[in-house]
Amino acid sequence: MENRIRQLRAERDWTQIDLAERLNVSRQTVLAIEKEKYDPSLPLAFSIAETFGLKIEDIFSPGSP
Amino acid sequence: MTSTLYTNMREGYVHMHTRGETASVKQSMRRYYWAFTPAIVLYTIGTMLLFVSEGRSWGIQLAMAAVPIVGVVWVAVALYGLYRRSDELVRWQMVKGAASGFLVGMPALAISGLIFSFLDEPPGRPTLLAVWIPFLIAAMGWSIGWARAQKTGA
């Protein structure tokens, strides 16, 4: 799954730690999601979308299989 | 006792990757090792005591058996504490690590147990080596699985 988290975070000038604190997860989790090594759970995906004020589909896309 | 162990670990040892935790990976690993070192020491001492106490009364043997059991309980409590205080990525890494370790460790346990059962003298009586080598192989398997799972967020 692909995502735009790094780009959205950069637009808001947030560090990975800032985002991690807003999401109540570790920085390692933010890093793993940004690098697309880990797909977040649905609750976390909703939380990410809410934090950025966007819909899930605006942030995540299926990507190439 | 379990409650005390859990409290100690919560406070001092196994709160890696919790919210607000800015400890380096090195510090996190140090906590991880501190959580498991006492368990390994207890298991080692307890296993030796168990073998030394062979032939003695049931009461003494049961008392000796309690030492490695405390070691096993320590590991279980440490893992539970770590799991509870972790976020979803670390939980997933733990499950993945445990699964990898299980896949490597269990066949190793079975094969080495079978080999050592042929070496036993008299037959059917496990030696200290027969207890320890499968245990070490299983522990190595789990460690490899854990280390591989940790790479996810590297």
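Numbering of residues starts from 1 in every chain and runs along the sequence as written. Here the convention is simple: chains get letters from A, ligands get numbers from 1, in the order in which they are written. Owing to the predicted nature of the model, reporting of local features is limited to residues with pLDDT of at least 70; listing and counting of side-chain atom pairs is limited to 80 or more, with chain, interface and lining totals taken over all residues. Side-chain metrics in this entry use all non-hydrogen atoms of the structure; hydrogen atoms and water are not considered.

Let us look at the overall build of chain B. Numbering of helices and strands runs from the N terminus; a helix is a DSSP stretch of H or I covering at least four residues, while a strand is a stretch of E covering at least two. What chain B contains, in helices and strands, is 5 helices and 0 strands. The order of α-helices and β-strands along chain B, N terminus first, is α-α-α-α-α. Buried positions account for 34% of the 154 residues belonging to chain B. In this analysis, two residues are considered to be in contact whenever any of their non-hydrogen atoms come within 4.5 Å of each other. Of the contacts made within chain B by residues no fewer than 6 positions apart, 69% connect residues no fewer than 24 positions apart. Only the protein chains shown count as cover for residues, and all accessible areas are computed by the Shrake-Rupley method using a 1.4 Å probe. Surface accessibility of chain B: about 9100 Å² in total, with carbon and sulfur atoms responsible for 70%. A simple rule labels every residue: compare its accessible area, found with a 1.4 Å probe on the protein chains alone, to the largest value its type can have, and call it buried under 20%, exposed over 50%, or partly exposed in between.

Moving on: the overall build of chain A. Helix and strand counts for chain A stand at 5 helices and 2 strands. Listing each helix as α and each strand as β along chain A from the N terminus yields β-α-α-α-α-α-β. For chain A, buried positions account for 43% of its 65 residues. Intrachain contacts of chain A at a sequence separation of at least 6 include 55% that bridge at least 24 residues. As displayed, chain A offers around 3800 Å² of accessible surface, 50% of which is attributable to carbon and sulfur atoms.

Negative phi is the rule for most residues except glycine; trans is the rule for most peptide bonds. At A:Asn24, a position not held by glycine, the phi torsion is positive, near 60 degrees. The topology assignment puts A:Asn24 in the loop between helix H2 (16–23) and helix H3 (27–34).

All right, on to the nonpolar core then. Residues and elements named next belong to chain A. One finds Ile 5, Ile 48, Phe 52, Ile 59 and Phe 60 to be the most contacted residues of the largest nonpolar core, which totals 20 residues. Taken together, the elements giving at least two residues each to this core come down to helix H1 (5–11), H2, H3, helix H4 (42–52) and helix H5 (56–59). No other element matches the 5 residues that H4 contributes to this core. Filtering out sequence-adjacent residues up to four positions away, Ile 48 remains in contact with Ile 5, Leu 23, Ile 33, Pro 40, Ile 59 and Phe 60. Buried residues of nine kinds, namely Ala, Val, Leu, Ile, Met, Phe, Trp, Tyr and Cys, make up a nonpolar core once their side-chain atoms join them within 4.5 Å.

What describes two packed helices is the angle between their axes and the distance between those same axes. All names here are of chain A. Axes here refer to lines fitted to C-alpha atoms; in helices the fit is confined to the stretch in contact. Angles between the N-to-C directions go from 0 to 180 degrees. Running from N to C, H2 and H4 cross one another at 115 degrees; their axes reach a closest spacing of 10 Å. Two packed elements cross with a definite hand, and for H2 against H4 that hand is right-handed. Taking contact as the criterion, the partners of Leu 19, Arg 22 and Leu 23 in H2 are, on H4, Leu 44, Ser 47, Ile 48, Thr 51 and Phe 52. Here a crossing is called left-handed whenever its near helix is offset anticlockwise from the far helix by less than a right angle, and right-handed whenever the offset is clockwise.

Residues and elements named next belong to chain A. Of all 8 residues that make up H3, 7 are buried, and the element is covered over most of its length. What H3 keeps buried is the set Gln 28, Thr 29, Val 30, Leu 31, Ala 32, Ile 33 and Glu 34. Note on H3: the residue one or two positions beyond its end, Glu 36, has a positive phi of about 60 degrees.

By themselves, these figures tell us nothing about what the structure is for.
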